[in-house]
Amino acid sequence: MIDVQHLSKHYGAVRAVDDVTFTVPPGRVVGFLGPNGAGKSTAMRCLVGLSPATGGTATVLGRRYADLPNPGLQVGVLLDASAQHAGRTGTEVLALGAAMLGVGAARARQMQRLVGLTDAEAKRRVGAYSLGMRQRLGIAHALLGDPKVLILDEPVNGLDPGGIRWMRDLLRQFADQGGAVLLSSHLLSEIEQVADDLLVIGNGRIVAQGAKHELLGGRGTAVRVADPADRPRLEQALASAGSPPRDGGDGALVVDADPATVGRLALQAGVALAELRSAQAGTLEDVFLQLTADTSREGRAA
Amino acid sequence: MSSVGAPGPDGPAGPDGPIRGVPFGRLLGVEVRKMVDTRSGRWLLIVIAALAVLILAALLIWGESQPRTFSAYFTMATIPVGMLLPVVGILTMTAEWSQRTALVTFSLEPRRLRVLVAKSLAALLVTAAVLVVVAAATAVGLVIAGAVHGGPVTWSVSGREFAGLLGTFVVFTLMGLAFGLVLGNSAVAIVLYYLIPMIVAPLSAWDKARPVLQWVDPSAISQALTVPDAGAEVWQHGSAAFAFWVILPLVAGTVLTLRREVK
């Protein structure tokens, strides 16, 4: 539903977005990840036609966003929750959006309640809102036109834990009903819980993309022998079973096999074990830091 | 870009038939609403109306010797309109950037030219509405003045005079829109809007600067429109000033806005 091909956005010599290609199919939540300044927001602005791209194409529902006749009815966009007139009330912001889309005041009120803004809160001016309330208002605004696609830049920023849980459920439900979601975040744990696919960007380039389980896939089994003298015997047993072990550091071996298989092989080889466990699956944070280490401002030390 | 005013091309079929573009009337309605739904916008209009009423009250109290004609009263009562209303035009253009609502506005209607045309028409509509209110207040003031001070009351207005007055309000509003559009910053646009006539008018009285500045003196515009039989030279100067302070920034501002990156 979102199709981005070789998208580039250069500012002079700076390649803010550099040859980015990805798609967001229906029913999927795609997490757009990257350190600050990696180009996430710029790419999303190009996608929505607010920034002219230097090269490449970006389409939503088969058309350039700017060519959608009434984009608010097809694509829900929240690029910056703080980009609202501080002097308007939440109710007024939603009423303006509803008027523009022609969806009626009842829909505006319905969305206001859906995102958990009370009537009393909605009557206050946006200038007095916390970031979390602005995010809720922004989500309500994005949902006004009952869109098929959501494009959200850092939507969970500033939400309280309850709000984060709510957002996760909302996006999941939206995708399960056939919608497509592209959301960016640097809150890795959030993306990890809601996204189906990941898109990791660093210095404007995509450094990794794919299904979440592929990127975060398990790393086999860690095993440690009770007597260091037995170690070569276990290594040989594992190798002859087709799973040559690697050095896991700290006296441990790491094997691409499940713990039960490794335990059985150790028993057959008559080797006593001190430890046998699943090697810790890579958390998104590990993967993220590893993938973006070359491009992040903290460098390898991070 | 689809033509201004016409709905966009038919889109893919939605649940209620094909999705059509945002009708221009709806865009216009939203832009009018955006001018009056914020504190700053609303208070600006209230202050303009209040000043007009104040002037009318002053005419009632101290204006016994003033001729009780509609056109004299209306000319006086609309002084604050001419002075302050352009700020409404400036703010409608600049608020999108200073409050960053352009992000939302141009997401919902990517055909930015339509938004700009809607904004300009909306500002002119608000100007017209304010003038109607002030005209009504003037009529009430004139009736009371006639009753209090006695004497004849002249209701008839010269068409030429009235058209000239309305023309200046249209020009002032357009100039405010143009300044807001090209400068994109409320404070800068408002300061320059008031400062430029204040600087150009006295300078153009200076012999050496006059040959050049008389062509860009904004006061020539209102002179041409309001002074009876202003003469060809005033009209030439007025037209040049109109082109320089209204048309040029409107065109430049439109080009800039269509290309501008919205952040």
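None of these values were measured; they are calculated from a predicted model.

Asker: Residue-level account of the sheet that holds strand E13 (residues 273-278) of chain A, with values.
Answerer: Residues and elements named next belong to chain A. Spatially, 4 strands are ordered E11-E12-E10-E13 in an open sheet, and the strand pairing comes out antiparallel. Both edges of this open sheet fall to strand E11 (246-249) and E13, since each of them pairs with a single strand only. Neighbouring strand axes in the sheet, compared pairwise and without regard to direction, differ in orientation by 30 degrees on average. One ladder, built from 5 bridges, connects strand E10 (residues 221-225) with E13; its direction is antiparallel. Paired with Val223 across the strands is Leu276, a residue of E13. Packing against the sheet, helix H9 (residues 231-240) makes contact with E10, E11, strand E12 (252-255) and E13, and its axis sits at approximately 0 degrees to E12. Seen against the sheet, helix H10 (residues 259-269) touches E10, E12 and E13 and runs at an angle of roughly 160 degrees to E13.

Asker: Talk me through the packing of aromatic side chains; I want residue IDs and the actual numbers.
Answerer: Following the criterion strictly, the structure yields 9 aromatic pairs over all chains and no others. Both rings, one in A:Phe22 and one in A:Phe32, keep their centres 5.8 Å apart while their planes meet at 45 degrees; by these two values the pair is tilted. Pair noted here: A:Phe22 is in strand E2 (residues 14-24) and A:Phe32 is in strand E3 (residues 29-33), with a separation of 10 residues, a long-range link. A relative accessible area of 5% places A:Phe22 in the buried class. Both rings, one in B:Phe74 and one in B:Phe162, keep their centres 5.6 Å apart while their planes meet at 35 degrees; by these two values the pair is tilted. Of this pair, B:Phe74 sits in helix H3 (residues 70-77) while B:Phe162 sits in helix H7 (residues 159-183), placing them 88 residues apart in sequence. Among the residues examined, B:Phe74 registers a relative accessible area of 2% and is labelled buried. Put simply, the rings of B:Phe179, B:Tyr193, B:Tyr194, B:Phe244 and B:Trp245 pair up and form one aromatic cluster. Above the plane of the ring of A:Trp166 lies A:Arg136, whose end atom (NZ or CZ) is 5.1 Å from the centre. In this arrangement the basic side chain of B:Arg112 is found over the ring face of B:Phe106, its NZ or CZ atom lying 5.1 Å from the centre.

Asker: Hey, could you go over a nonpolar patch on the surface for me, with residue numbers and the actual values?
Answerer: All names here are of chain B. A cluster of nonpolar side chains, namely Leu183, Val188, Val191, Leu192, Leu195, Met198, Ile199, Leu203 and Trp206, defines an oily patch on the protein surface of about 790 Å² accessible area. With 7 residues, helix H8 (residues 186-203) is the single largest residue contributor to the nonpolar patch. Here Ile199 is to be found in helix H8.

Asker: Before we move on, could you go through the interface of chain B and chain A and cite the residues and values that matter?
Answerer: Taken together, the contacts link 35 residues of chain B with 38 residues of chain A. In this assembly, chain B packs against chain A so that about 3100 Å² is buried in total across both faces, 57% of it on carbon and sulfur atoms. Viewed at the interface, chain A and chain B are joined by 4 salt bridges. Here A:Glu92 and B:Arg33 are joined by a salt bridge, their closest N and O atoms 2.7 Å apart. Summed over the shared surface of chain B and chain A, the number is 16 residue pairs in polar contact (both at pLDDT 80 or more). Elements with a minimum of two residues in the side of chain B that touches chain A: helix H1 (24-36) and helix H5 (102-108) of chain B. The biggest single contributor to the side of chain B that touches chain A is H5(B), with 6 residues. Looking at the side of chain B that touches chain A, its residues break down into 13 nonpolar, 7 polar and 15 charged.

Asker: Pulling in residues and values, what's your account of helix H11 (residues 232-259) of chain B?
Answerer: Residues and elements named next belong to chain B. Here H11 spans 39 Å end to end across 28 residues, near enough to the 40 Å set by a 1.5 Å rise per residue. Along H11, the helix axis deviates most sharply at Ala243, where the bend reaches about 35 degrees. Within the span of H11, buried status applies to Val234, His237, Gly238, Ala241, Trp245, Val246, Pro249, Leu250, Gly253, Thr254 and Thr257. In this structure, the buried residues of H11 make contact with helix H4 (79-98), H5, helix H6 (112-149), H7, H8 and helix H10 (219-226).

Asker: An account of the environment of A:Leu187 is needed here, citing residue identities and associated values.
Answerer: Residue and element names in this part refer to chain A. Topologically, Leu187 is positioned in the loop between strand E7 (180-185) and helix H7 (188-194). A relative accessible area of 30% means that Leu187 is categorised as partly exposed. For the pair Leu187 and Leu33, spaced 154 residues apart in sequence, the C-alpha to C-alpha distance is 8.5 Å. The contact partners of Leu187, leaving out residues within four places of it in the chain, are Val156 and Asn157.

Asker: Any chance you could break down the pairing of E3(A) for me, citing the residues and the numbers?
Answerer: Residues and elements named next belong to chain A. Along E3, 5 of the 5 residues are buried, which leaves the element largely enclosed by surrounding structure. What you see with E3 is no split at all: Val29, Gly31 and Leu33 on one side and Val30 and Phe32 on the other are buried throughout. Examined bridge by bridge, E3 and E7 share 5 bridges and lie parallel to one another. Residue pairing for E7: Val29 is matched across the bridge by Val181.

Rules and cut-offs
Residues numbered from 1 in each chain as written. Chains lettered and ligands numbered in written order. Predicted model: local features only at pLDDT ≥ 70, side-chain atom pairs only at ≥ 80, totals over all residues. Heavy atoms only, no water. Pairing = 2+ DSSP bridges. Helix = DSSP H or I, 4+ residues; strand = E, 2+ residues; numbered from the N terminus. Axes fitted to C-alpha atoms, helices over the stretch in contact; angles between N-to-C directions. Contact = heavy atoms within 4.5 Å. Phe/Tyr/Trp six-rings, centres within 6.5 Å; stacked < 30°, edge-to-face > 60°. Buried < 20%, exposed > 50% of the residue type's maximum accessible area, 1.4 Å probe, protein only. Lys NZ or Arg CZ within 6 Å of the ring centre and 35° of its normal. Patch = residues over 30% accessible without salt bridge, like charges linked within 9 Å, V, L, I, M, F, W, Y side chains within 5 Å. Areas by Shrake-Rupley, 256 points an atom, 1.4 Å probe, with all protein chains shown as cover. Salt bridge = Lys/Arg side-chain N within 4 Å of Asp/Glu carboxyl O. Buried area = accessible area lost by both parts, 1.4 Å probe. Polar contact = N/O pair within 3.5 Å; in protein donor to acceptor, adjacent residues only side chain to side chain. Nonpolar A, V, L, I, M, F, W, Y, C, P; charged D, E, K, R; others polar. Expected span 1.5 Å × (residues − 1). Bend = angle between axes of the 7 residues up to and from the residue.

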